[in-house]
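As a plain string of letters, each chain reads:
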Amino acid sequence: MGDHHHGPAKGLSRWLFTTNHKDIGTMYLWFSFAMFILGGFFAMVIRAELFQPGMQLVEPAFFNQMTTLHGLVMVFGAIMPSFVGLANWLIPMMIGAPDMALPRMNNWSFWILPPTFLLLASTLFMEGGAPAFGWTFYAPLSTTYAPPSVTFFIFSVHVLGLSSIMGSINIIATVMNMRAPGMTYMKMPLFVWTWLITAFLLVAVMPVLAGAVTMMLMDIHFGTSFFSAAGGGDPVLFQHVFWFFGHPEVYIIILPAFGVVSQIIPAFSRKPLFGYDSMVYATASIAFLSFIVWAHHMYTVGMPVAGELFFMYATMLIAVPTGVKVFNWVTTMWRGALTFETPMLFCIGFLVLFTIGGFTGLMLSIAPSDFQYHDSYFVVAHFHYVMVAGAVFSMSAAVYYWLPKWCGKMYNEAMGKTHFWISFIGFNLTFFPQHFVGLAGMPRRIPDYALQFADFNMMSSIGAFIYGASQILFLYNVIATIVAGKPVSDDKVWEGAEGLEWTVPTPAPYHTFETPPRIDPDHVHS
Amino acid sequence: MSFEAKRLWKLALGPVLILMSAAVVGAEVNQVNMSQGATEVGRDIYNLHMLILGICTVIGIGVFGVMFYSIIYHRKSKGVTPATFHESTKVEIAWTVVPFLILISMAVPATSTLLDIYDYEDAEMDIMITGYQWKWKYEYLNENGENVSFFSNLRTPQSEIYNTEDKGQHYLLEVDEPVVIPVDTKVRLLVTANDVIHSWWVPELAVKKDAIPGFINEAWTRASETGIYRGQCAELCGKDHGFMPIVVNVVSRDEYNDWLGAKQAEAAEIKALMAQTFTMDELMERGEAVYQRACLACHGAKGEGGLGKAIAGSPLATGELGAHLDVGINGVPGTAMQAFGGQMNDVDMAAVITYQRNAFGNNMGDMVQPIDVFNYKKG
Ligand code: HEM
Ligand SMILES: [Cu+2]
Ligand SMILES: [Cu+2]
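About the thresholds
- Sequence positions are assigned chain by chain, starting from 1 and proceeding in written order.
- Working convention: letters from A go to chains and numbers from 1 go to ligands, in the order in which they are written.
- Two thresholds apply to this predicted model, a pLDDT of at least 70 for residue-level local features and 80 or more for giving and counting side-chain atom pairs, whereas whole-chain, interface and lining totals are computed over all residues.
- Working from all heavy atoms in the structure, the side-chain values ignore hydrogens and water.
- Nearness of a residue to a molecule or strand requires only that one of the residue's heavy atoms be within 4 Å of it.
- The term polar contact refers here to a pair of N or O atoms within 3.5 Å; inside protein, the definition further demands a hydrogen-donor-capable atom paired with an acceptor-capable atom, and it admits residues adjacent in sequence only when both atoms are side-chain atoms.
- Starting at the N terminus, helices and strands are each numbered in turn, a helix being any DSSP run of H or I of at least four residues and a strand any DSSP run of E of at least two.
- A pair of strands is labelled paired if DSSP reports no fewer than 2 bridges between them.
- Fitted lines through C-alpha atoms serve as axes, helices being fitted only where they are in contact, and the angles separating the N-to-C directions of these axes extend from 0 to 180 degrees.
- Coordination partners: N, O, S within 2.8 Å of the metal, 3.2 Å for Na, K and Ca; water not considered, so apparent gaps in a site are possible.
- Any two residues whose heavy atoms approach within 4.5 Å are treated as being in contact.
- Burial status follows relative accessibility: with a 1.4 Å probe on protein chains alone, a residue under 20% of its type maximum counts as buried, one over 50% as exposed, and anything between as partly exposed.
- Each domain span listed reflects an automatic or database assignment of domains.
- We count a salt bridge whenever a side-chain nitrogen from Lys or Arg sits within 4 Å of a carboxyl oxygen from Asp or Glu.

It is worth spelling out the site of ligand 1 at this point. Residue and element names in this part refer to chain A. Residues in contact with ligand 1 amount to 23 residues; listed here are only the nearest, Trp135, Asp370, His374, His382 and Arg444. Note that an oxygen atom of ligand 1 is positioned 2.6 Å from one of the side-chain N or O atoms of Asp370. Separating an oxygen atom of ligand 1 from a side-chain N or O atom of His374 is a distance of 2.8 Å. Counting residues per element, the ones that place at least two in the shell around ligand 1 are helix H8 (235-269), helix H11 (342-365) and helix H13 (377-407).

What follows is the structure, encoded as structure tokens:
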């Protein structure tokens with residue numbers, strides 16, 4: 001072995017200065033889990049207050065800070081970084097590259113995150129409190145009427161955007177330039193495909209978000225009136241700009257999850273993914289459509305009817321490629337030889353619940369009906385079915401699936417399955433009843449509610465505590481595996497697993513593919 | 001069914017049963033679906049909602065049916081050998097085209113309902129609705145005679161919200177003054193806001209329209225049944241977003257005309273009073289009533305303060321008149337002290353300021369007349 005085969009440095013500097021994609025991936029994953037716990041804590045405060053009608057624990061102003069921070073931390077702190085972590089670990093190993101294309105930038109894009117979230121969380125202790133205008137921060141509530149901490153919020157959003165853009169450029173550069181010889185685009189694993197498309201989405205819309213918050217900053221501090229009607233501006237403009245970012249953002253969250261599921265379902269069905277090509281095209285169509293549907297979040301702002309119709313039809317269209325994906329996954333399972341290890345359970349959970357979320361999405365796309373659904377708990381139920389059961393379930397599946405490869409030890413299967421079932425029950429108990437209260441007329445983002453909503457809200461809160469508690473089991477299982485799991489030595493940890501990452505030793509060495517692997521030209525994509 | 005499959009069924013059945021029984025128990029006492037409401041548009045929307053839900057349910061049964069069939073019969077433990085097929089252009093085309101056709105069948109009724117909702121023609125009356133942090137203002141326009149305008153505030157007392165008293169039946173959905181509209185009449189709603197964005201939502205009238213400062217949105221409703229319909233603000237608008245309900249009282253045309261007549265008479269009376277000069281006793285009497293209605297909650301029965309500052313001995317109430325008037329009319333931004341200038345008429349304002357200056361041991365001896373308030377507002 002040549003002496004350039006060094007292992008990791010020792011101590012803290014290993015983590016501070018590392019340019020190794022595996023180290024950085026690990027840090028992203030742990031960081032996102034920490035944020036998941038923090039955001040979860042905020043959610044528990046919300047659900048505890050909503051356990052019964054009447055104000056019990058917190059004041060309305062603080063309640064609004066909780067809903068705002070919960071949304072921001074979960075979307076930007078938990079879900080997005082978790083998939084970036086996964087991309088860091090897996091993309092080089094899946095395409096036969098030694099590392100990411102831009103390793104120093106990789107280090108930066110991670111390390112600017114923790115201070116940013118520290119700053120965001122510190123707004124809780126500032127005078128006037130943390131931002132309290134919702135994760136969608138509509139002006140002028142977020143400008144003229146915002147607490148002073150909004151300036152720190154704007155700064156945080158800028159840095160988060162910077163981090164995402166750097167991460168995306170890195171992924172694009174890696175996938176376009178560092179594939180092993182023979183790894184053509186149409187041979188890439190779907191996880192790599194979905195991330196490539198996601199990275200383009202991110203590079204396209206993060207600057208739009210930056211534009212929105214910059215205009216806010218100008219309105220607040222420099223006397224402009226982008227969003228203030230009194231000065232000739234337009235509050236609705238804010239919503240257009242925000243959702244031009246916001247709708248692609250929801251696909252930024254879900255496309256990598258689609259990728260994960262497309263890797264795991266074939267593995268435990270022992271059968272290749274059905275319709276690989278159509279999966280790629282469907283992903284690309286979803287990405288394209290996601291740019292022309294943003295105003296479906298704004299059906300009630302008083303758009304002209306022609307606009308309303310355009311956005312309704314375009315939104316309905318998204319159901320087609322989304323449907324194609326679900327059909328392909330189900331057909332992959334059809335006549336396979338299925339087993340139900342924890343990753344597969346989470347994928348099946350994903351499939352069932354995400355499909356339900358897709359159905360409610362289709363219902364929401366119908367503009368006239370949306371007049372009744374909009375800003376009610378029905379929308380809250382919809383997006384938790386797609387984001388929690390979509391992104392978080394698939395992330396859990398990914399951790400159980402690749403953890404043995406990462407650390408060379410097997411997790412406790414019984415505990416993993418228990419985690420799944422408690423999550424599944426807790427999740428549905430929390431969010432299914434929210435469809436009911438939403439349809440019955442309960443608005444979202446309220447700290448207290450009328451008596452007819454009491455039963456379902458209590459059910460929802462109980463479910464949330466169950467779901468929250470199940471994540472502690474998850475944390476315990478992962479730590480116990482790393483510390484004292486049963487060692488595994490097979491390269492291919494799972495019988496049905498396909499792909500280059502399963503050809504390297506277990507646990508994956510610090511450096512992999514320093515010489516490119518040979519890709520069998522006849523082999524169907526992994 | 002194999003033992004494995006049975007076990008799986010049992011496992012899956014548990015949560016499903018819990019959910020279903022919860023839903024059934026829930027449905028008996030709780031509303032679980034959208035209401036058809038009291039308007040034709042509401043019924044159209046309901047039908048649309050049920051149509052899409054129905055189609056989704058059928059597709060869902062198909063997809064989940066195939067999936068659970070695989071889960072039960074295509075398991076490795078049954079010794080099956082996995083098939084190897086992995087693509088079929090025909091199938092892919094089929095499940096792209098068929099959903100597309102289904103979508104068209106949804107788009108047709110959706111479009112027609114939407115066009116209906118956007119048809120503001122032939123409205124028989126207009127009401128201007130303005131969202132304030134955190135209350136609604138209603139103005140009846142286009143009427144012969146006096147315009148009628150009033151604020152509608154949450155009526156639920158703090159003691160119910162903070163659990164020191166039992167909650168009433170319409171907890172959080174009750175207001176001091178409901179908006180009144182006649183039955184079977186196309187009412188055009190002009191919706192706007194004074195500060196941040198709010199959204200006026202009454203599910204049973206099938207109206208949700210954002211109230212946006214600087215813009216006036218249109219909506220309309222025609223209630224076909226009399227009754228009291230309740231709703232809430234639907235767009236996050238700050239601290240008390242959860243506490244600005246809407247109550248619409250749909251009454252027969254006769255009752256409506258009576259109500260409007262009374263409101264107009266009241267408005268005319270205020271107008272007459274505005275020009276009048278009052279004595280100290282008159283102002284004090286009226287002022288006491290206004291204080292008890294609008295200020296007491298925060299400033300205390302004896303002016304001792306509470307959520308608001310003490311009025312008894314307050315440097316403002318015993319100081320220069322202009323400054324006191326300013327706080328009454330414009331409030332103290334950033335505190336619970338709101339701008340009452342837009343919420344009460346000049347007579348009441350004059351009376352309550354006079355009252356504060358001459359009650360609770362404050363003995364200023366000066367008076368404020370409605371015309372003073374009027375001039376102060378003019379600048
Ligand atoms: C079939 C595909 C989907 C359709 C047709 C769809 C449609 C919609 C519509 C029309 C709304 C606006 C509802 C309203 O505010 O009145 C909405 C809200 C939302 N959707 Fe989806 N959706 C789909 C999938 C997804 C996915 C995959 C995600 C993310 C993983 C997602 C996340 C969200 C979020 C976060 C909101 C609420 C945003 C907010 O107001 O806070 N949706 N969806
Ligand atoms: Cu969207
Ligand atoms: Cu509101």
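In this section: the sheet that holds strand E7 (residues 207-211) of chain B. Strand pairing in a sheet takes place through backbone hydrogen bonds and is either antiparallel or parallel in direction. Residue and element names in this part refer to chain B. Read from one edge of the open sheet, five strands run E4-E10-E9-E6-E7, paired in mixed fashion. Unpaired on one side and paired on the other, strand E4 (179-182) and E7 mark the two borders of the sheet. Across this sheet, the average inter-strand angle for adjacent strands is 25°, counted without regard to direction. Alignment of strand E6 (residues 198-202) against strand E9 (residues 227-233), held across two bridges, turns out to be antiparallel. Across the sheet, residue Trp201 finds its bridge partner in E9, namely Gln232.

A word on the coordination of the iron atom of ligand 1. Residues and elements named next belong to chain A. The sole protein-derived ligand of the iron atom of ligand 1 is His382 (NE2), positioned 2.2 Å away. The copper ion (ligand 2) is placed at 4.6 Å from the iron atom of ligand 1. Its location among the elements puts His382 in helix H13.

On to the environment of Gly128 of chain A. Residues and elements named next belong to chain A. Note that Gly128 resides in the loop between helix H5 (113-122) and helix H6 (150-177). Through-space distance from the C-alpha of Gly128 to that of His221 is 17 Å; in sequence the pair is 93 residues apart. Not counting the four nearest positions on each side in its chain, Gly128 is found in contact with Gln65, Pro147 and Pro148.

Residues and elements named next belong to chain A. Relative to the helices and strands, His21 is located in helix H2 (residues 21-49). Accessibility expressed as a relative area gives 0% for His21, which makes it buried. A polar atom in the side chain of His21 sits 3.2 Å from the side chain of Lys22. In contact with His21, other than residues within four places in its own chain, are Asn88, Trp89, Pro92, Met93, Pro98, Asp99, Met100, Asn106 and Thr512.

Let us now look at the domain arrangement of chain B. Examined at the domain level, chain B breaks down into domain 1 (1-32), domain 2 (33-117), domain 3 (125-270) and domain 4 (274-378). Domain 3 of chain B and domain 4 of chain B are separated by 27 Å when their C-alpha centres are compared.

This paragraph deals with the pattern of salt bridges. Going through the model one piece at a time under the given rule, you end up with 15 salt bridges over all chains. Note that Arg14 of chain A is salt-bridged to Asp23 of chain A, the shortest N-O span being 2.6 Å. With a relative accessible area of 22%, Arg14 of chain A lands in the partly exposed category. Taking relative accessible area as the criterion, Asp23 of chain A reaches 2% and is therefore assigned buried. When the shortest N-O distance is used, the salt bridge between Arg293 of chain B and Asp348 of chain B registers 3.5 Å. Residue Arg293 of chain B is found in helix H6 (residues 280-294), and its partner Asp348 of chain B is found in helix H9 (residues 346-358); the two are separated by 55 residues along the sequence. You can call Arg293 of chain B exposed: its relative accessible area is 58%. With relative accessibility at 8%, the residue Asp348 of chain B sits in the buried group. Look at the salt bridges and you will find they share partners, linking Arg270 and Glu495 of chain A together with Lys76 of chain B into a network.

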